[in-house]
Amino acid sequence: MSGADKLVLVGQVGGAFGVRGEVRITAFTADPMSLLDYQPLLKADGKLALTLMSARPDKAGVVAKVKEIVTKEEADALRGQKLFVPRDRLPEPDEDEFYLTDLVGLEARDGDEAVIGKVKSVQNFGASDMLEIAPRDGGPTWYLPFTRDAVPDVRIAEGWLRALKPTEVDERDEG
């Protein structure tokens, strides 16, 4: 998947704001107002979700007037809608930084440099980010917490990361 194909989650519709069709959007960007620069905002399948006509800062993101929404009921119907933009529309991250979507497809290597699988997805079930690893030899995927202890090395440009299973993390701490 190329950078143009990868979608990055940048926000989520919180529902209506007032009675004139404005919508509250929780922003997952450093600057919530940057949502105006990244549009149109897309659904997870890449189809159009929203086009912001104007926005103003709010405590968790922005309150926006949206081309596709006219009434409060339409805004409320979109509550929970996740909003994405193509990866290549976002600014390049600083050195030693990356977008979570950049991890998908990387080889997962163990502490001895052996390839153990590939990163299939990055999930967050509420507590923290988890890497879903598809084993090299097939079988069920497994999850690894995306922490410095479990993933001490990330080499985006080289196409791999070090994925230490809990037993490897414990052995490293004892050594």
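Residues numbered from 1 in each chain as written. Predicted model: local features only at pLDDT ≥ 70, side-chain atom pairs only at ≥ 80, totals over all residues. Heavy atoms only, no water.

Thoughts on the pairing of strand 1 (residues 7-17)
Looking along a regular strand, one sees the side chains alternate between the two faces of the sheet.
Part 1: Of the pairings in the sheet, the one linking strand 1 to strand 7 (residues 82-86) comprises five bridges and is antiparallel in character. Each bridged residue has a counterpart across the sheet, and for V8 the counterpart in strand 7 is V85.
Part 2: Bridge count for strand 1 against strand 2 (residues 22-27) is six bridges, and the pairing is antiparallel. Note on strand 2: the bridge partner recorded for G15 is R24.
Part 3: Once strand 1 ends, the chain turns through four residues before running back antiparallel as strand 2, passing G18 with a positive phi of about 80°. (Pairing = 2+ DSSP bridges. Helix = DSSP H or I, 4+ residues; strand = E, 2+ residues; numbered from the N terminus.)

Here we look at the layout of surface pockets
Part 1: Looking at the largest pocket, its volume works out to about 960 Å³.
Part 2: Lining the largest pocket are 27 residues, and of these L7, V8, L9, L100 and T101 lie nearest its centre.
Part 3: When the residues that make up the lining of the largest pocket are grouped by side-chain class, the tally is 16 nonpolar, six polar and five charged. (1 Å grid on protein atoms, 1.4 Å probe; cavity = no way out; pocket = protein on both sides within 12 Å on 5 of 7 lines; lining within 4 Å. Points joined across faces, edges and corners; volume = space filled by probe spheres on them. Nonpolar A, V, L, I, M, F, W, Y, C, P; charged D, E, K, R; others polar.)

So, the packing of aromatic side chains
Part 1: Taken as a whole and assessed by the stated rule, the structure comprises two aromatic pairs.
Part 2: Ring centres 5.6 Å apart and planes at 80° place the aromatic pair F125 and Y143 in the edge-to-face group. Here the residue F125 occupies a position in the loop between strand 9 (115-124) and strand 10 (129-135), and Y143 occupies one in strand 11 (residues 142-145), the gap between them amounting to 18 residues.
Part 3: For F125, a relative accessible area of 60% translates into the label exposed. (Phe/Tyr/Trp six-rings, centres within 6.5 Å; stacked < 30°, edge-to-face > 60°. Buried < 20%, exposed > 50% of the residue type's maximum accessible area, 1.4 Å probe, protein only.)

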